[in-house]
Amino acid sequence: MGVREDFGVYVHIPFCRRRCDYCAFATWVGREAIWERYIDACTREVGARLPALGRQATSVFFGGGTPSLIPSDLLVQVLTAIGDTAGLAGDAEVTVECNPE
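Predicted model, so just to flag it, every value in this text is computed and none were measured.

A. Inspection of the overall build of the chain at higher detail. Of regular secondary structure, the chain possesses two helices and five strands. If you list the helices and strands of the chain from N to C, you get β-β-β-α-β-α-β. When its C-alpha atoms are laid out on the principal axes, the chain stretches across 50 × 25 × 20 Å. Looking at the chain as a whole, 35% of its 101 residues are labelled buried. Taking the contacts inside the chain whose residues are at least 6 apart along the sequence as the reference set, 79% of them involve residues at least 24 apart.

B. Broad picture of the sheet that holds strand β1 (residues 8-13). With respect to topology, three strands assemble into an open sheet ordered β1-β4-β5, the strand pairing being parallel. The open sheet has two free edges, formed respectively by β1 and β5 (88-96), since each of these has just one partner strand. Taking the axes of each pair of neighbouring strands and ignoring which way they run, one obtains an average angle of 15 degrees across the sheet. Bridge analysis of strand β4 (residues 57-64) against β5 gives five bridges, and the strand direction is parallel. The partner of F61 across the bridge, within β5, is T95.

C. Structural view of the layout of surface pockets. Of the volumes computed, that of the largest pocket is approximately 200 Å³. In terms of lining residues, the largest pocket is bounded by 15 residues, among which Y22, G64, G65, T66 and E97 are the most central. Its volume calculated, the second largest pocket comes out at about 150 Å³. Every residue lining the second largest pocket is listed: V9, Y10, V11, H12, Y38, C42, E45, V46, R49 and L50. Of all the secondary-structure elements, those providing two or more residues to the lining of the second largest pocket are β1 and α1 (35-49). For the lining of the second largest pocket, the leading source of residues is α1, giving five residues. Counted by class, the lining of the second largest pocket contains seven nonpolar, one polar and two charged residues.

Here is what the cut-offs are and how they apply
- Residues numbered from 1 in each chain as written.
- Predicted model: local features only at pLDDT ≥ 70, side-chain atom pairs only at ≥ 80, totals over all residues.
- Heavy atoms only, no water.
- Helix = DSSP H or I, 4+ residues; strand = E, 2+ residues; numbered from the N terminus.
- Buried < 20%, exposed > 50% of the residue type's maximum accessible area, 1.4 Å probe, protein only.
- Contact = heavy atoms within 4.5 Å.
- Pairing = 2+ DSSP bridges.
- Axes fitted to C-alpha atoms, helices over the stretch in contact; angles between N-to-C directions.
- 1 Å grid on protein atoms, 1.4 Å probe; cavity = no way out; pocket = protein on both sides within 12 Å on 5 of 7 lines; lining within 4 Å.
- Points joined across faces, edges and corners; volume = space filled by probe spheres on them.
- Nonpolar A, V, L, I, M, F, W, Y, C, P; charged D, E, K, R; others polar.

This is the structure:
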């Protein structure tokens, strides 16, 4: 049995309902109109970069702003692209950063 090299994917979702004073991340407020275009760009980036790695992702983390703010089908679009290009390990952990609101 070969050794599995853990490989995680971080997807930065920079959209927030409001800008918090303590936040140092690149985030945008009031940009709902570009959510779909941003996710399309993330999907293209996944397709361009992950196949060359030649291994399956063992974790995916959606973070940055408040990823739970955008519709879940957009997050699934990126997750599907990761699965289709790199593959997801059967026990892959998928996490979405959420604001307590």
